[in-house]
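Coordinates in review
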Amino acid sequence: YLRARREKNLSSEDAVRYAFTTVGTALFVTTVILVAGFGILAQSAFDFNSAMGKLTMITISFALIADFLLLPTLLMKMEKSEETDTTTENISQIDDGLQTATTNE
């Protein structure tokens, strides 16, 4: 995302799309492999290992869902708030400059 924003000068929406096309597949495959591995652990006869495997499978699955659904929204919302802060700072600097110019006349 940051690479797309800084190096490629893409908008927030396009940067999220770029991030998902470059990293999304790897993220999904890694999650499937981890869930499968912990699924094997969940088959253990030892209850503690079985419970840990199930809980870890659920946690990793929810993390993937959050990555795909919540992260893009957060990234774009954070970007918009930073743009608003920058715009407010620029306006206040312009206003300060105008006040200084007015007092110098």
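One can find the structure itself at the top, above this paragraph.
One structure accompanies this document, and this report is about it. (Residues numbered from 1 in each chain as written. Predicted model: local features only at pLDDT ≥ 70, side-chain atom pairs only at ≥ 80, totals over all residues. Heavy atoms only, no water.)

1. Digging into the nonpolar core
- Ranked by size, the top nonpolar core spans 6 residues in total: Tyr-1, Ala-4, Ala-15, Val-16, Ala-19 and Met-76.
- Residue contributions to this core peak at 3 residues, all from helix H2 (residues 12-42).
- Residue contacts for Val-16: discarding those within four places in its chain leaves Tyr-1, Pro-72, Leu-75 and Met-76. (Core = buried A, V, L, I, M, F, W, Y, C linked by side-chain atoms within 4.5 Å. Buried < 20%, exposed > 50% of the residue type's maximum accessible area, 1.4 Å probe, protein only. Helix = DSSP H or I, 4+ residues; strand = E, 2+ residues; numbered from the N terminus. Contact = heavy atoms within 4.5 Å.)

2. Concerning H2
- At Val-23, H2 shows its largest kink, close to 50 degrees.
- Of the positions making up H2, those classed as buried are Ser-12, Ala-15, Val-16, Ala-19, Gly-24, Thr-31, Val-35, Gly-39 and Ala-42. (Bend = angle between axes of the 7 residues up to and from the residue.)

3. Structural notes on unusual backbone geometry
- The phi angle at Asn-9 is positive, at roughly 55 degrees, despite the residue not being glycine.
- By secondary structure assignment, the location of Asn-9 is in the loop between helix H1 (2-6) and H2.

Keep in mind that these numbers describe shape and distance, not what the molecule does.
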